[in-house]
Amino acid sequence: MLKSLEIFRDENGTLSTLNKNLGFAAKRFFYVTGVKKLEWRGDHAHRNNKQILVCVKGKILVLLDDGECVRGHTLNEGEYIFVDNMVWDKQQYLTGNDILLSICSTEYDKDDYIKSYDQFLEELK
């Protein structure tokens, strides 16, 4: 489900916050920048990791695939979406000036990634 950050604006600028319960204890944070307009990233699933994807700047299309249904969500600045484990996801960067922040439930583990869609479907069974 798409949600919005809490935003506070005054003459000194804008503060955007995510103070809600994430549903997990955050173990890792990273952000992605410099992706060319209309390029795709992601295109994998995680066995254990859960993520909150936050559009910090720009507009980003997020596709979420649970093996039965693919849902598309366009994140505008200040919006975020939860990505559960064992959900195939990919993101299309729509403006060429986008920033995506990822808040992760686990530390980086290369063995947690499923990079083959066929393998993903097999592991869902």
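The structure contained in this document is the topic of the report that follows. Treat the numbers as computed from the prediction; the structure is a model and nothing was measured. (Residues numbered from 1 in each chain as written. Predicted model: local features only at pLDDT ≥ 70, side-chain atom pairs only at ≥ 80, totals over all residues. Heavy atoms only, no water.)

This next bit is on the environment of cysteine 104. Considering the arrangement of structural elements, one finds cysteine 104 in strand 11 (residues 99-104). As a C-alpha pair, cysteine 104 and leucine 53 span 51 residues in sequence and 8.9 Å in three-dimensional space. With residues up to four places along the chain from it excluded, the contact list for cysteine 104 reads Phe24, Ala25, Ala26, Lys27, Arg28, Phe30, Asn49, Lys50 and Gln51. (Helix = DSSP H or I, 4+ residues; strand = E, 2+ residues; numbered from the N terminus. Contact = heavy atoms within 4.5 Å.)

Throughout the structure, instances matching the rule amount to three salt bridges. Here glutamate 123 makes a salt bridge to arginine 47, at a shortest N to O gap of 2.7 Å. Here glutamate 123 is found in helix 1 (residues 117-124), whereas its partner arginine 47 is found in the loop between strand 5 (40-46) and strand 6 (51-57), with 76 residues between them in sequence. What makes arginine 47 partly exposed here is its relative accessible area of 28%. (Salt bridge = Lys/Arg side-chain N within 4 Å of Asp/Glu carboxyl O. Buried < 20%, exposed > 50% of the residue type's maximum accessible area, 1.4 Å probe, protein only.)

Of all hydrophobic cores here, the largest spans 13 residues; its most connected members are Leu53, Val62 and Leu75. Of all the secondary-structure elements, those providing two or more residues to this core are strand 6, strand 7 (59-65) and strand 9 (79-83). Counting residues per element, this core draws most heavily on strand 7, which supplies three residues. Listed in part, the seven residues of the second largest apolar core include Leu22, Phe24, Val54 and Ile103. (Core = buried A, V, L, I, M, F, W, Y, C linked by side-chain atoms within 4.5 Å.)

Leftover empty space is mapped by rolling, across the atoms, a probe with the size of a water molecule. Scanning all chains against the criterion turns up two cavities of 30 Å³ or more. Volume-wise, the largest cavity comes out at about 40 Å³. As for the largest cavity, its lining consists of Arg28, His46, Asn49, Thr106, Glu107, Tyr108, Asp109, Asp112 and Tyr113. Empty space within the second largest cavity amounts to approximately 30 Å³. (1 Å grid on protein atoms, 1.4 Å probe; cavity = no way out; pocket = protein on both sides within 12 Å on 5 of 7 lines; lining within 4 Å. Points joined across faces, edges and corners; volume = space filled by probe spheres on them.)

Neighbouring strands of a sheet are bound in pairs by backbone hydrogen bonds; such pairs are parallel or else antiparallel. Pairing within the open sheet is antiparallel, and its five strands lie in the order 1-9-6-11-4. Each edge of the open sheet carries a strand with a single partner, namely strand 1 (2-4) and strand 4 (28-32). Within the sheet, the average angular offset between the axes of one strand and its neighbour, ignoring direction, is 25 degrees. Pairing of strand 6 with strand 9, which is carried by four bridges, proceeds in the antiparallel orientation. Note that in strand 9 the partner of valine 54 across the bridge is tyrosine 80. (Pairing = 2+ DSSP bridges. Axes fitted to C-alpha atoms, helices over the stretch in contact; angles between N-to-C directions.)

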